[in-house]
Amino acid sequence: MSGDSDCTRTSPSAGSPSDNELLPDRPRYVCTLSPDLVTKAREELQEKPEWRLRDVQALRDMVCKDYPSLGTCLDDAFLLRFLRARKFDYDRALQLLVNYHTCRRTWPEVFSNLKPSAIKPVLESGFVTVLPHRDPQGRHVVCIRPDRWTPSNYPITENIRAIYLTLEKLIQSEETQVNGIVILADYKGVSLSKASHFGPFVAKKVIGILQDGFPIRIKAVNIINEPRIFKGIFAIIKPFLKEKIANRFFLHGCDLNSLHQNIPPVILPEEYGGTAGKLDISAWNELLLASEEDFLHDFSELVLQCDSSPHDLLVSGDADEKQCDDSLRGMKPQLYYCY
């Protein structure tokens, strides 16, 4: 499909489990999903085990044909993340993969020198962590606490780097690829001055990554202890959220009973009316920091080829960037009104 490219492989129509034998330079994929998760992936993601490697090969061929200079990892396990995130729709999976690289190459403040040790102060602050227990649907809960951030210590982009690395670590698990994640954001103590750091540029970039630039399924976003200012923030960002994502936001205020309807107390720390003990950030920090070498290896494969530039990878929707920024900037006074 890709001529004389090094990416040339067998035709996807001829795909079979034996295709991996044609890729001796790549790790052989071994499924780690339980029988129940295999069934769930089939029902929810249109993933058929007997066609899995054929689908991966099809996506690999599309990358090599349409984006030969993308500089992406082409391992089965890596490409599967994108297929699962887009329910095995080849075109949408390819677009997500291109978006993934575009986001990384057009925001150097976030993605340069991206490794766990570089964001250790953010981890130690407790700004972002992952609860030790999954919810009844098998989803990890990512806990974000903006009040733990002191703007004078480091810019908001460091927080985004920490969240991104957290997501990268979580998505390595096939279980998470199928089940998705849940976000718990505690906005207690967030002031107008702190909220102002989340300006139009940052808002647009973060929304773009979470919606269209990262292969993870966000199943719910639970907001708790939000001040009045958050309603202004949400009013600004909601027009740029896809309806499906917007409908997964739940604003609980100070009502822990409302939160417990979405996240059971048995997996929540005492701080949120749970029975899982005090919130402990050390276990997740140690796990992430111990993954330094893995990240250095994985990210080393995501190299922009010399005959390509970030602009070559821009995707549909970037033409509306200025209009999006202008719209956000025009609504910014709403923050002051709500506050």
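Model, not experiment: these values are computed from the prediction.

Each value, and the rule that gives it
Residues numbered from 1 in each chain as written. Predicted model: local features only at pLDDT ≥ 70, side-chain atom pairs only at ≥ 80, totals over all residues. Heavy atoms only, no water. Buried < 20%, exposed > 50% of the residue type's maximum accessible area, 1.4 Å probe, protein only. Helix = DSSP H or I, 4+ residues; strand = E, 2+ residues; numbered from the N terminus. Pairing = 2+ DSSP bridges. Phe/Tyr/Trp six-rings, centres within 6.5 Å; stacked < 30°, edge-to-face > 60°. Lys NZ or Arg CZ within 6 Å of the ring centre and 35° of its normal.

Trainee: If you had to explain the pairing of strand E2 (residues 140–144) to someone new, which residues and values would you point to?
Mentor: Here E2 lies mainly inside the structure; five of its five residues are buried. Side-chain alternation along E2 places His140, Val142 and Ile144 on one buried face and Val141 and Cys143 on a second face that is also buried. Pairing of strand E1 (residues 128–130) with E2 involves three bridges; the strand directions are antiparallel. The partner of Val128 across the bridge, within E2, is Ile144. With five bridges joining them, E2 and strand E3 (residues 181–186) adopt parallel strand pairing.

Trainee: Tell me about the packing of aromatic side chains, residues and numbers included.
Mentor: This structure, assessed with the given rule, holds seven aromatic pairs. Ring geometry for Phe82 versus Tyr100: centroids 5.4 Å apart, planes at 80°, classification edge-to-face. One end of the pair, Phe82, is in helix H3 (residues 76–85); the other, Tyr100, is in helix H4 (residues 90–105), and 18 residues separate them in sequence. Ring geometry for Tyr100 against Phe214: centres 6.1 Å apart, planes inclined by 45°, an arrangement best described as tilted. In this pair, Tyr100 sits in helix H4 while Phe214 sits in the loop between helix H10 (200–212) and strand E4 (218–224), placing the two residues 114 residues apart along the sequence. Here the aromatic cluster, defined as three or more aromatic residues joined through ring pairs, consists of Phe78, Phe82, Tyr100, Phe111, Tyr164 and Phe214. Over the face of the ring belonging to Trp51 we find Arg54, whose NZ or CZ atom lies 4.6 Å from the ring centre.

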